[in-house]
Every structure is written in structure tokens, then in C-alpha cells.
Amino acid sequence: MRLRSGVFAFSCLLVQALGVGLFLRGFFPVPVRSLPRNGALAALPPEPPPAGFSSNWTKVPSPLFKKAVIVLIDALRDDFVFGSKGKQFMPYTTQLVEGGTSHSFIAEAKPPTVTMPRIKALTTGSIPGFIDVIMNLNSPTLLEDNLIWQAKTAGKRIIFYGDDTWVRLFPKHFVEYDGTTSFFVSDYTEEREVASPHLLVVCGDHGMSETGSHGGSSEGEIHTALLLISSAFDRRNGPPKPPELVQQTDLTVTLAIGLGLPISRNSVGKLILPVVQQKTMREQLRYLHLNGFQLARLLQENMPTYEKDPGFEQFKMAEKSHGNWIKLYLEGNTSEVLLNLGKKVLKQYLEALKILSASLSKQVAQYDTYSMIVGTVIVLEVLLLLLLSIPKALSSRAEFEVPLSPLCSLLFYLMCLMLCAVHVVVCTSTEGLCYFCSISWLTAVGVIMLISGLLCVIVSGLEKVFVNPKQPAKNPAASTSSWSELDVLILAGTIGHVSSLGASSFIEEEHQTWYFLINTLCLALCQEICRHYFLAKECDLQLLSAGKPSSDEVKGTSLHYKSDVELLQDDLKTGKGSFSDKRRGSEKWMALATPWVILVCCRLLRSLNQTGVQWAHRPDFGHWLTSSEHKTELSLLASVSLVMIFILGQRRCSLVSKIAMALGLLGVYSYRAAIGNVLFPWQQDSKDISKGIIEARFVYVFVLGIIFSGTKDLLKSQVLTTDSKIKFIGLWEIYSGLVLLAALLFRPHNLPVLVFCLLIQAMMTKYVWKPLEFDAAQVTIMHYWFGQAFFFFQGNSNSIASVDISAGFVGLDNYVEIPAIFLTGFATYSGPLLWAIHLLCYLSSEVNRNPAAMGHGCFCYALLRSVPVAAYIILVTALRYHLFIWSVFSPKLLYEGVHVFITAAVCMFFTALDQNHLHKVQD
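Calculation notes
Residues numbered from 1 in each chain as written. Predicted model: local features only at pLDDT ≥ 70, side-chain atom pairs only at ≥ 80, totals over all residues. Heavy atoms only, no water. Disulfide = S-S within 2.5 Å. Helix = DSSP H or I, 4+ residues; strand = E, 2+ residues; numbered from the N terminus. Buried < 20%, exposed > 50% of the residue type's maximum accessible area, 1.4 Å probe, protein only. Phe/Tyr/Trp six-rings, centres within 6.5 Å; stacked < 30°, edge-to-face > 60°. Lys NZ or Arg CZ within 6 Å of the ring centre and 35° of its normal. Core = buried A, V, L, I, M, F, W, Y, C linked by side-chain atoms within 4.5 Å. Contact = heavy atoms within 4.5 Å. Expected span 1.5 Å × (residues − 1). Salt bridge = Lys/Arg side-chain N within 4 Å of Asp/Glu carboxyl O. Axes fitted to C-alpha atoms, helices over the stretch in contact; angles between N-to-C directions. Parallel < 35°, antiparallel > 145°, perpendicular 65-115°, else oblique. Polar contact = N/O pair within 3.5 Å; in protein donor to acceptor, adjacent residues only side chain to side chain. Left-handed = near helix turned anticlockwise from the far one by under 90°. Nonpolar A, V, L, I, M, F, W, Y, C, P; charged D, E, K, R; others polar. Patch = residues over 30% accessible without salt bridge, like charges linked within 9 Å, V, L, I, M, F, W, Y side chains within 5 Å. Areas by Shrake-Rupley, 256 points an atom, 1.4 Å probe, with all protein chains shown as cover.

The next subject is the state of the cysteines. Taken as a whole and judged by the stated rule, the model has one disulfide. Disulfide pairing is shown between C427 and C437; the S-S distance is 2.0 Å. Disulfide C427 to C437: torsion about the S-S bond roughly -85°, handedness left-handed. Here C427 is found in helix 14 (residues 410-429), whereas its partner C437 is found in helix 15 (residues 435-438), with ten residues between them in sequence. Overall, C427 belongs to the partly exposed group, its relative accessible area being 23%. Cysteine C416 remains unbridged, with the sulfur of C420 as its closest cysteine sulfur at 6.4 Å.

Applying the stated rule across the entire model yields 30 aromatic pairs. Both rings, one in Y370 and one in F436, keep their centres 5.5 Å apart while their planes meet at 70°; by these two values the pair is edge-to-face. Residue Y370 is found in helix 12 (residues 369-388), and its partner F436 is found in helix 15; the two are separated by 66 residues along the sequence. The same class applies to Y370 and to F436, which are both buried. Ring pairs connect the aromatic residues W514, Y784, W785, Y861 and F910, which therefore count as one cluster. The ring of W732 has R652 sitting right over it, with the charged end atom 4.6 Å from the ring centre.

In this structure, I645 and F786 are the most contacted members of the largest nonpolar core, which totals 168 residues. With 14 residues, the top contributor of residues to this core is helix 30 (residues 751-772). Once you skip the residues sitting within four places of it in the chain, F786 turns out to touch I518, L521, C522, I598, I760, M764 and W835. Ranked by size, the runner-up nonpolar core spans 63 residues in total, among them F160, L271, L273 and L360.

Look at A75: it is not a glycine, yet its phi comes out positive at around 60°. Inspection of the secondary structure puts A75 in the loop between strand 2 (68-73) and helix 2 (84-89). In this structure A75 comes out as buried when scored by relative accessible area, which is 7%. Here the phi dihedral of E773 falls at roughly 50°; this positive angle occurs in a residue that is not glycine. Within the fold, E773 resides in the loop between helix 30 and helix 31 (776-793).

Below, the discussion takes up helix 35 (residues 885-914). Look at helix 35: 41 Å from first C-alpha to last across 30 residues, which is about the 44 Å you get at 1.5 Å a residue. Among the 30 residues of helix 35, 23 are classified as buried, and the element is accordingly described as predominantly covered.

Attention now moves to the pattern of salt bridges. Across all of its chains, the model carries 14 salt bridges by this definition. For K85, the salt bridge is made with D79, and the minimal N-O distance between the two is 3.6 Å. Measuring nitrogen to oxygen at the nearest pair gives 2.9 Å for the salt bridge that ties R865 to E896. Note that R865 is positioned in helix 34 (residues 853-878) and E896 in helix 35, a separation of 31 residues in sequence. Per residue, the accessibility class of R865 equals that of E896, and both read buried. Beyond isolated ion pairs, a larger network of salt bridges with shared partners links E510, R865, K892 and E896.

Bringing helix 29 (residues 724-745) into the picture now. The end-to-end C-alpha distance of helix 29 is 32 Å, a good match for the 32 Å that 22 residues give at a rise of 1.5 Å each. Across the 22 residues that make up helix 29, a large majority, 18, are buried.

Relative placement of two packed helices is described by the angle separating their axes and the distance separating the axes. One can describe the packing of helix 29 onto helix 32 (residues 817-828) by two numbers: an axis separation of 10 Å at closest approach and a directional angle of 95°. Judged by the angle between their axes, helix 29 and helix 32 are roughly perpendicular. Along the contact surface, helix 29 presents L738, L741, A742 and L745, while helix 32 presents F822, L823, F826 and A827.

Attention now moves to the side chain of R865. Overall, the relative accessible area of 1% leaves R865 in the buried class. Within the structure, R865 has its side chain in polar contact with the side chain of E896 (distance 2.9 Å). When residues no more than four places from it in sequence are discounted, the contact partners of R865 are Y784, Q788, E896, H899, V900 and T903.

The next subject is the packing of helix 26 (residues 631-649) against helix 30. Contact geometry of helix 26 with helix 30 gives a least axis separation of 9 Å together with a crossing angle of 25°. In terms of axis orientation, helix 26 runs roughly parallel to helix 30. Note on packing geometry: the crossing formed by helix 26 with helix 30 is left-handed. From helix 26, L637, A638, S641, L642, M644, I645, L648 and G649 reach across to helix 30, where they touch L751, P752, L754, V755, L758 and L759. Class assignment for the residues of the contact of helix 26 with helix 30 results in twelve nonpolar, two polar and no charged.

Here we come to a nonpolar patch on the surface. A cluster of nonpolar side chains, contributed by L655, I659, L663, L666 and F698, occupies part of the molecular surface with about 490 Å² of accessible area. In terms of residue count, helix 27 (residues 655-674) provides more of the nonpolar patch than any other element does, four residues in total. L655 sits in the exposed class, given a relative accessible area of 63%.

Below, the structure written as C-alpha cells:
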């Protein structure tokens, strides 16, 4: 079957997206849980039976508190409550802490530090799966055993006011509630009576980084305040102690015991002992025994070798000692021996709880290895297929035959049968839940046939390369031509970046890698420009003419070679020297200055947003601009940036689109002024500050209008006429519409990022790519590198904390899932997307000179995305038990996965436009 390079690359990306999806589903499975929650009220274990005695204490001791009020404050860092900041901003809370009727703790949250997973941790006591970060904006019903369900089952009356995430997680659990969407909340004051609360819990779901965001694993994000206030506590005999560090999951079991409820089956937390220290020794030991029994049972259900676990062994020892203490207690012993033995048992229980909790924290989210293996195999097969196809995919024809005969071979059927047998064995013998085993057999067989088919095609390709190689090419000059220095740099940079992904520090600071690569690329381009404009001599003409390629090769990747020869010949014939006067005029000096201007722009952009992890807290120019005292400077910068965006973004648009873009950019400034980010010249105070919904929707109208106009021209050029000029205008209008959308979603201090993006693209197109006539593959790689760099110039990082969720709510007055996800995704990946769409526009203008340009670009873009994602999947599989797997490697995996799906969407447009030029490819 004959395929164009673009169609083949797009097909490979679709298959690879399937593999990445399977791998992500296996790597981020639903955590392994205990029995269904309807069995959570089973009979509780009695006290450890002493030898020769029987204890009838089989129930939970009486509750410590009759009523509890939980005040959960979003992003409440520990230093906001404790220390000097607490005294300044929360004086009443500080007074309660110092008064002695409270216990203060620093609750440590596990990443991802976003709201919904942390609510799950607080109510179930378990560690949520990392994939919950994706579901954070659309929280499903929480079905596993949790504190809220236990309270409802026990007949407790539950009232809720606050973030509607709780309402979605716990539907029909509250007798009275009022949910508010957190992104649209307004300040209000409401007084409501709570009669004699016996326990007041003040806590945060997560903390906040120094930059004001959250989602990552920095100390400020994972450390949150936890304050337990009750008249049952009396610590006025001594000075207040510094807050003790506990786990966030410990609150669930503490509240369950304090309210007399069964502990949630999936809880991995341990009792916070100071809360029950006012109770008798027998009651304290009973609480700890119940906690240990629940953890030991959960360990038994999740670990086959649970009996060998140190925590389980320690618990059994403590349980035996507890039985001896019960014997002494029932005998009426009141000596010092009973007290000392009680303290010993207490210490043994605490040690056992600590080890059990740590073991369960590691075991409670097991990997779905089978789904991971299937996904990895698909991804690697696609990568091998792309690598084997490079020679033909980048040839002048940009098309090749995909052999279908291997699909009818004996190897294909044998592979299908063998893989089906493996699937049956795995799915019938596995103890855990496997996603790939849970899908329908028809779908599973389809995936197995796909894997077998890809393998057979790869084997056929390898056979042609190594076993039955064809005769060497007819043109020896082409086959023996050496790589340019730029090609070597591109290859070394790609390999170096992929290799760096194996280290956590390089992932945290990946922006440094891309900054280094584009800076090195600029220096290499400077050398190429000097060689092209200043070092070409007449002797070069003779050398070039001696090895002048054939006309067939000129149509392929050697177009820049032909152009140099012809230009040198024309200039010598006309007596104008090595190049024409035009080339030796101002243009060559602008070309020489271009790399240095880009270097200056990149250096300025680096100062705008500190990113990464290690130095993200350091002040940058963006922080200075967004401070309240510099709103005038920010307003001026935003105004100048919007004017520059108009100048650079509308050059090739129609008159109607130019007017629409001008009005749209005016609407962008009006929106930012309406919400108080920037100032209008006539604005005297902040009384007119609003949500800016009308202004944002005003901009959306022009965005859609410009994109619609461009789409209309594009369809017209594809269906009604072959005028490439109309197609190019249509593409550029679509690109301009996306630029306008990015200007709306970007925060005002980030508008210079958009300006420099457009400026660099314009300068590279006019002074580098077109004059030096780089081939499509080289231009594609440069676009990809700059797109990756601009992803980090925006302030993004490989931490979830850098995702600007507010972009998904621009122009919305309530939460709408699909628009919110689209806007957030576009704002996050606008750098790579804008560079990819610009590549599409550039290559579309090159098809008249090189009909294969679009296919070459699409194939290279797909290959550039496939190499790092395949390598990273292997690395993250090998490092899945690494200390930083959830804080560093997993967020990067999510970013890579989303990027694959975005690349597939971009290549779809490449493929659609490439089909219109199929008839131009010459034999």
C-alpha cells in the first residue's frame, strides 16, 4: 500500500497515542483497595485476650466528641498559622493555640497537591492515585469507604457549606448544603450559629509554593496547618509546644475514633496520640489496637507476604503485650508495674503503626504491569517503524510502499495466537485488577492483531535492510555526502535531551536544557549565515559545480545546494561578485544580526519567569510586574505588547481579519482592566472591577470570526481552486486567530512572550530559513526546539503547580467542562502549538518549490515526539520505585502523554493539507 510521508506519520502517531494511553492507564491505575464499603461496619475485634481471662470490651469506647466542625481552608500553609505570620494575619487562631485548649500539627500532604485528591486523602485516609490530578476539575462520586459515609451510616447529621467539589464527591450525604464553585466565589460575610461545638478542626487541603501556585512537591506545597481545638484538651500547665509533623491521612482515623465511628477500611493513617491522651490507659491502648488491626487487615489484603512485614510482626508483639497488660488490669493490679507495662505497650503500638502505615503507603497503589507492557510494546514498535522509514519518508517522493504481505504471513498468525494465549493466561491468573483484561475480548484481539501486524512489518523492513539490501544509489555523490555541522548539532541535541530525562534534576530543570540548545542553535546559525554570505568565493563555485546533483535529487532535500550553485553562476556572469548587490546589502547584515537578536530575546524571556523547581521561588521580572505597586508599568507593557502583536500578527491577513484582530486586542486589554490586572487611562479607582465576562466573550467573537474566515479561505483553496495564495492567507488567518486567543488567556506580564515568539518567527523566516533555503526537516526541528523552549518561557515546568487553571475560566460565569479543559490545555501548550502552526504556514509556502515539504515536516515532527516519549516510558518504568517517582517523574509523564495527543492533532492538519499536493510529486 502506497502512503505519503504525512499520512504514514499521522497513522503512526494515532497508534502511538493508543500505546501511550494504555501505558498511562497501567502506570496510574485505580489504587488497590480493600473490600467494598458496605462491609465496613463488620464486627470489631475484641481486646487482645489475656491467658486465662476473657474481656467483654468488644465495642469502640465512648466518643470523645459529640460534634465536630471542620473548617477546611484552601492552600493553608503551615506558616500562615504558626509563627510570626500567624500572629499578624490570624491573631485569634494564635490566641487559641497559646491558650492551651488546642493541639497544633503540621500535616504533610502527598503530591499531587491539588484539591480533589487531598479531599480524598482527608476523608478516606488513603493515598489517592496520581491520575486524580486530571480528574480534579470534574470530580466524580467517591465510592470507596470514607469518613463522611461512615458518619451518615451511623445516623450523624451532616451539614456542608463551601466548595462544590465536596457535593460532587459526596452526593446525597448532606442534609443541608450550599456548594460554591471556587473559581467564581465572591467575598461575603454570613453569621450562622453552631451550638457548642465539641471539636473544631482548622486545616488546609494543601499548601502553596512561593510563587502562589500548588500541585507540586515543594515544602510549601505539602506542609499545611492542622489545628484541633476542643474544651476536652487542657495543656495550660506548660508552654505551647512547636507543631508536630503528622501525615494528612492521620486525620481520618483520628476523627473516626474521636466521633466513635469505624475506621475507613482503606485508611493508611495512624492515630494522632495527643488527641486521646486525656483518656485512660485502657482506652488509649484500645484505640491503638483498633487502628493497628485495621492497618494489618489492609496489609493482609494487599500483600501476599504480609506475615513477613516488620510492621505486622511488631503489631503481633504489641498485641501479645497488650494481652498481658489486660491480665494485670483485670486482676486489679494498680502498681507501678502496670503503668510501666502500659507505656511499653503504647510505644510498641506506635512503632507498629508507623511501620504498617509506611508499608501500606508503598503498596496501596500497585502498578498495572500488563497494561504498561502492552502500551510500551506499541510505542516502541511505532518508533522502530518510523526509524526504518526515514530514508524513504525524507526522499524527494516523500512516499513509499507499506508492505501488506506480512499481514498474510504465517508469522502474523503465529504471533496472534501466541499473544492471545498469553492474554488468556495473564487475565485468568492475575490476582489484581488489570485494565487491559477488563476491556472486551473483541477490542483486546484487535489490539493484539495490531501489535502482531506492526511486528511483522518491522521484521519485513529489517530483512530488506540487513538481509536483502538493494543496490547502492545511482548517484554516488549523494550517497557519500557528509552531514553538515548543523545536522550533527541537531542529532546531538536530540540524543542529549533524551538522555537527560533519566535524572530527576534534569527533569526538574528541563528548561535549562532547551535554553542551552536554542542558544547553541543560534550560534550555529550565525556560522551558517557567515559562511553563506561572507565566505563564498569563486573557488566554491567550481567545487559546487563539480558535484552538482541531478535534477531528480534537486527536487528533494538538496534544494539549498542547487540554489547556491545557480546564484554563484548568475552573479559571476553579471559581474556582481559572489552574490548580488541585494544579498550584499542590508539584508545580509540583518541576517547576521538575527541570531544575536534572538539570543537577546531569549535572555530577556528567561528573566521574565523563573521556572523549574530548584529556583522557582527566586524573584523574577514577572513578580515585580504583578505586584500591586507596579500596576502602571504592567499596564504600559501590556499596551505596547498588544500593539506589537497586532503589527507582527496581521501582516498576511485580509483587511477584515486585520480589523477584527485590532478590535480583539483592544478587547483583551479591556478584559484585563475589567478584572483589575491593568489600568485604563481614565480609571481612577477599583470600583468598576468585575469578572470581565462580557469583555472576554467580546474577544471570543473575534477569535471565532478570524478562524472562520481563515477556514473558509482554506477550504476554498482546497476544493474550488488551486490558488496557493488563498490557502496561505487562510492558514495565516487561522494562526492569527490562535494568537489572539493566546493573548486573551495569557496573563498580562506574559504578553512579551507572545511578542518575542512572533518576532523570532518573522526574523527567522525572512532572514534565515528562506534565504539559506534550509530543507523541511531542518526547519521542522528548529520549530520544535523553539516550541519546547517557549513552553518554559511561559513559566511552565514539569510540575503540576505551574499549570494556570484560571485560563480555563476566562469568559465563563460557571464551570463548563469541555471549554475549561480546552482553554487550560491551549494556554499551557500555546508555545509548542503556535510554533507548530507556524511551521504549517511556512511549509505550505514552500510546496511550490518543494512539493514534498509538507510530508517531510509532518514525518519529522512525529519522529521528534516519538523518540523522547518512547525513551521516557522505558526510563519511568525502570525508575517506578524511585524516591521521586510521584513528585518528579510522574508529572513529566503526564505532560509527555498530553503532548503526544496534541502532536497527533497537529499532524492531522499536516496530512489534510498535504493531500492537495499529491499530484505535484514527480516520478
